Structures are given as structure tokens and as C-alpha cells.
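Each chain, letter by letter, is given below.
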Amino acid sequence: MLTILQNFFSPPRHLIFPIIAIWVGLSLSSRYAPKRGVAGNKLENLALISLLAGLLGGRLGYVADYPQAFLASPLSLLSLNTDLFDAWSAFAFGLIGAIIYLQRSQLPFWHTMDALTPAMSVLAIGIAFAHLASGDAFGAPSTLPWVIEQWGTDRHPSQVYETLTALLIFCLLWKQFSQSEQPGMLFLRFLACTSGLRLFLEAFRGDSALIFNGIRIAQVIAWIVLAFSLLGISRLSRSPKSLQDI
Amino acid sequence: MMQLKRPIIFTIILIMGLLWIFLSANRSGASTGGPLLAPQEGFLAPDFTLQTLDGESITLSGLRGQAIVINFWATWCPPCKAEMPAIQEMQDAFREQGLVILAVNATSQDTYTGIAPFLEDYGLTFPILLDSNGEVGSLYQVRSLPTTIFIGRDGIIQKIVIGGPMPRALLQSRIEELLK
């Protein structure tokens, strides 16, 4: 089953999963957005602007890293090749684009984040499937009965763990997509579930970036996000108006 | 009652999270495949020996210490043809700095007699290796042509680019990264 998936969707075809996930997720978010007081079309505009800003920023970041290469071949600036992007620059520019649009269109921050939660949870599933198809985000070597053979070694099926947990989070939050509660609660729950499970599952990954003493940097970031989201949930539960909209 | 308990539960979760971070730390210090052989970024490039068109044998491990670009190609493949001039330019520009380009012809899917005229047409001077039975292609799990593999001086695969033609800037930037 896994081999069939990997044969059909070997890179770069695996990118079809996140693309489909963005499309399905945004449709879902637009459907539920009015219940959160956010217009569906504004949500789509927000996604489009952050996507375009991310694409532009990702390319500019890559150009800044390798200016000589682009000076020698300026037309490469317009290339559609996805390898000519810097992921961190894309993220930063996408975020800046989203913040500017949020402010200019006066969208309430926490309402909007809640409205975007269905899209984020579908995207998490899409990314997990892409990892499953490409073999990225592979597991640490293991001798457990459910290991998969990958790159010449028996490994934890970390991509399967990732897919199952993303599906689990989506199912857990599914009913809450249409419920109206305190602004921010749905998004913070999604953040807490995602970061908590990442903190746990990162231990079974074989490709973690390490900092001192073998500590995995993704776990540290996940812990900080978890702490932030639990604090937010705690404050919201005590005083529903404690998270003021930006 | 639940509201009173919640901060305690959250604090316990965060303490357990911290403990898990320390308990699951990777003391071996290996963040990826490291010395394992696999056709994947972060792993040691699988070794092979192939003959060139001139009958010379080239072994990948024998080139350790140099930055290597392996390009899988065939004469009938249009994107392979399109990126060959840029690859030749890179060979000319970076050979002195320790760049080695190995163009592995998928000979099992190609016409042997067409290779020499192809080299002449495109003025290629880097070694052309003949993968006569497709063994190296399957060792590197090449699923489409062209596929280009960038290998650092330590023998670790830094980047795999599937499909083409590669933009010239991508080729140059990846080579600059290899030579750093």
C-alpha cells in the first residue's frame, strides 16, 4: 500500500497533497467562517494574499542567499521551479502579508484564526500525506513489530503516526467547527493538540535537527507553542473576554 | 471545580512535556541518516563503479573530498538536452574549485550509438558514465529523467532535484553550496 502510494506520488508529484488540502481546507473554512463573524470571501483573500506574499518572499530570500547565481541568469527569477525558494523567507513574508491584510480589512484576529482552523487542520493532513508519499520526515531506527523498511533500515513509520494524528485532530475538532464559543478557543485547541502531539511524536523521527545535548529543536518549539496555547485556553476559560482582538 | 483543576492539569502536561524532551533526546548526536547509505538527502551516497565511454572505470567513493554532481540523463529526453549546456558551463566555471560532474547515461533505456554524437553536438567534456543494466539508476531510485544529485565533499547527499530542465540559477546555487 505504502509502496503504491510512493510510486504514484513520488516527488515532485507529492506536492499535490498540500495543494489539494489548501483548496479543500479553504472551502471548508469559507463555509464555516460566517458563523464566526468573518466573511468567507475575506478569508479567501487573506489566504491568497499570504500565499502570494509567501511565494514572492520565498523567491527573494533565495535570491538574497545566492545573488551571483541570479546575476548570471536573471531569467531564473521567474522560474516556476519549487527548489528556488527559501522556506523561512516564504513563511516570514506570508505572515507579514497576512498581518497587513488583517489590519487593513479590519478582520478581528481571533475570530479569523478560528475561521481558518478547519483549513489548517486539513492542511496538516495534506502535509502528512505528502511526507508519506515522498519518504520525508522519516522515522528513527527501531525493532518494533510495526516498523517499515526505509533507506535500508527498519524504522518507526513516523509518517503514518503523523497522518493518523492529523486525522485524529481533525475528527476531534470537526463538531466544534460549527459551534460558536469564545473567540480564539477553537484555534488554541487546535494549536495545543498539534503542538502536544508533535512534542510526543518528534521523539520517533530520524531526521530531527538537534541543539545541545541531543535535544530536538522541534520539541522545544512545540513545547513553547503548547505552553502559549494552554495559557490562552486557561485565560479564556476564566474570563471569556481576556483575549482581546488585535 | 473543573476551572480550578485546569491550571494544575496544564502544569502537569507542561512538566511531562519537558521531561519527555530530555528523556527522548538523541544522545548519539546523529540528526539524520549520517553514515548510512541511502539515495536520500542527509544520507551517504551509495557507492558504484561504472565505465565511461572511453572504457575508464570511475568509482564514486574514489572521488571523496570533492563536490560531486551526478546527472542521470538519456539522449531522447528533451529536458536532459535542455539543461546540458548549463551543466557544461558549471563544469568550466567550477572545475578548478573541486567540482566533479558525472553524467550517468541511462544506457539500458537509450541507444548506445547515439551517445557519442550527442556529446559532440553539445560540446560536453565531463565524464559520461554508462549505466548499461540500469543498476545505478535503481540504486538511486531514479523515477524520472533527468534526476540530479548534489553530493558534498563528505559524501553526504545535500540535494536531489527530480525533473528538469533545471534553471541555471538553481544549478549554480546548489554547486556554490557544495563548494562552501
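Description of the structure in this document. (Residues numbered from 1 in each chain as written. Chains lettered and ligands numbered in written order. Predicted model: local features only at pLDDT ≥ 70, side-chain atom pairs only at ≥ 80, totals over all residues.)

### Things to note about the overall build of chain B
If you tally the helices and strands in chain B, you get five helices and nine strands. Ordered by position from N to C terminus, the α and β elements of chain B give α-β-β-β-β-β-α-β-α-β-α-β-β-α. Taking 180 residues into account, the globule formula puts the C-alpha radius of gyration at 16 Å, and chain B, at 22 Å, lies well above it. Put simply, chain B has 180 residues, and 33% of those count as buried. A separation threshold of at least 6 residues defines the contact pool for chain B, and within that pool the share at least 24 residues apart is 73%. (Helix = DSSP H or I, 4+ residues; strand = E, 2+ residues; numbered from the N terminus. Rg over C-alpha atoms; globule rule 2.2 N^0.38 Å. Buried ≥ 20, exposed ≤ 12 C-beta atoms within 10 Å, placed from the backbone. Contact = placed C-beta atoms within 7 Å.)

### Observations concerning the overall build of chain A
Counting its regular elements, chain A contains nine helices and two strands. Scanning chain A from its N terminus toward the C terminus, one meets helices and strands in the order α-α-α-α-α-α-β-β-α-α-α. For chain A, long-range pairs separated by at least 24 residues make up 73% of all intrachain contacts whose partners lie at least 6 apart in sequence.

### Examining unusual backbone geometry
Trans peptide bonds make up most of the peptide bonds, and negative phi angles are found at most residues other than glycine. At the junction of Leu145 of chain B and Pro146 of chain B, the peptide bond is cis and its omega measures out at -5° in the coordinates. The omega torsion across Gly164 of chain B and Pro165 of chain B is 0°, close enough to zero to call that bond cis. Positive phi values are uncommon outside glycine, yet Ala137 of chain A reaches one of about 55°. Take Ala137 of chain A: it is sitting in the loop between helix H6 (109-134) and strand S1 (148-150). Ala137 of chain A gets classed as buried once you count the C-beta atoms within 10 Å, which come to 20. Phi angles above zero are rare outside glycine, and Asn213 of chain A is one such case at about 55°.

### Structural notes on the sheet that holds strand S7 (residues 128-130) of chain B
Residue and element names in this part refer to chain B. Strand order across the open sheet formed by seven strands is S4-S3-S7-S6-S5-S8-S9, with mixed pairing between neighbours. Since the sheet does not close on itself, it has two edges, and those belong to strand S4 (57-59) and strand S9 (157-162), each with one partner. Taken pair by pair, the neighbouring strands of this sheet meet at an average axis angle of 30°, ignoring direction. Pairing geometry for strand S3 (residues 49-52) and S7, over two bridges, is antiparallel. Directly across from Gln51, in S7, lies its bridge partner Leu130. Here helix H2 (residues 78-94) sits on the sheet and contacts strand S5 (67-73) and strand S6 (99-105); the angle it forms with S6, its principal contact strand, is near 155°. (Pairing = 2+ DSSP bridges. Axes fitted to C-alpha atoms, helices over the stretch in contact; angles between N-to-C directions.)

### Some details on the pairing of S3 of chain B
Judged from the three bridges that link them, S3 of chain B and S4 of chain B form a sheet pairing that is antiparallel. By the bridge assignment for S4 of chain B, Gln51 of chain B is matched with Ser57 of chain B.

### Focus: the interface of chain A and chain B
Listed as interface residues are 38 residues of chain A and, on the opposing side, 35 residues of chain B. Top contributing element to the side of chain A that touches chain B by residue count: helix H9 (residues 217-238) of chain A, with nine residues. Among the residues forming the side of chain A that touches chain B, the class breakdown is 19 nonpolar, 15 polar and four charged. (Nonpolar A, V, L, I, M, F, W, Y, C, P; charged D, E, K, R; others polar.)

### Description of the packing of helix H7 (residues 158-174) of chain A against helix H8 (residues 185-201) of chain A
Residue and element names in this part refer to chain A. Two elements in contact, H7 and H8, have axes whose closest approach is 11 Å; the angle formed by their N-to-C orientations is 160°. The angle between H7 and H8 falls in the class roughly antiparallel. Crossing of H7 over H8 shows right-handed handedness. Across from Ser158, Tyr161, Glu162, Thr165, Ile169, Leu172 and Leu173 in H7, the residues of H8 making contact are Leu186, Arg189, Phe190, Cys193, Thr194, Leu197 and Leu201. In terms of residue class, the contact of H7 with H8 is made up of nine nonpolar, three polar and two charged. (Parallel < 35°, antiparallel > 145°, perpendicular 65-115°, else oblique. Left-handed = near helix turned anticlockwise from the far one by under 90°.)

### Observations regarding H9 of chain A
All names here are of chain A. In a regular helix each residue adds 1.5 Å, so 22 residues correspond to 32 Å; H9 covers 32 Å between its end C-alpha atoms and thus fits that length. Residues Gln219, Ala222, Leu226, Ser229, Leu230, Gly232 and Ile233 constitute the buried set of H9. Summarising the axial view, the buried residues of H9 lie within an arc of 160°, below the 170-degree limit, and thus occupy one face. Counted as exposed and oriented over 90 degrees from the buried face of H9: Ile224 and Arg238. (Expected span 1.5 Å × (residues − 1). Arc of directions from axis to C-beta.)

### Some remarks on the environment of Gln106 of chain A
When you line up the elements, Gln106 of chain A lands in the loop between helix H5 (87-104) and H6. Counting along the chain gives 18 residues from Gln106 of chain A to Trp88 of chain A, while the straight-line C-alpha distance between them is 27 Å.

### Thoughts on the nonpolar core
Across soluble globular proteins, nonpolar side chains have a tendency to be buried as a group. In this structure, Ile70, Ala103 and Val104 of chain B are the most contacted members of the largest nonpolar core, which totals 44 residues. The element that contributes the greatest number of residues to this core is S5 of chain B, accounting for six residues. Apart from the residues lying within four places of it in its own chain, the contact partners of Ile70 of chain B are Leu102, Val104, Thr148, Ile149 and Ile151 of chain B. Within the second largest apolar cluster, 43 residues are counted, among which are Leu46, Ala124, Phe129 and Phe170 of chain A. (Core = buried A, V, L, I, M, F, W, Y, C linked by C-beta atoms within 7 Å.)

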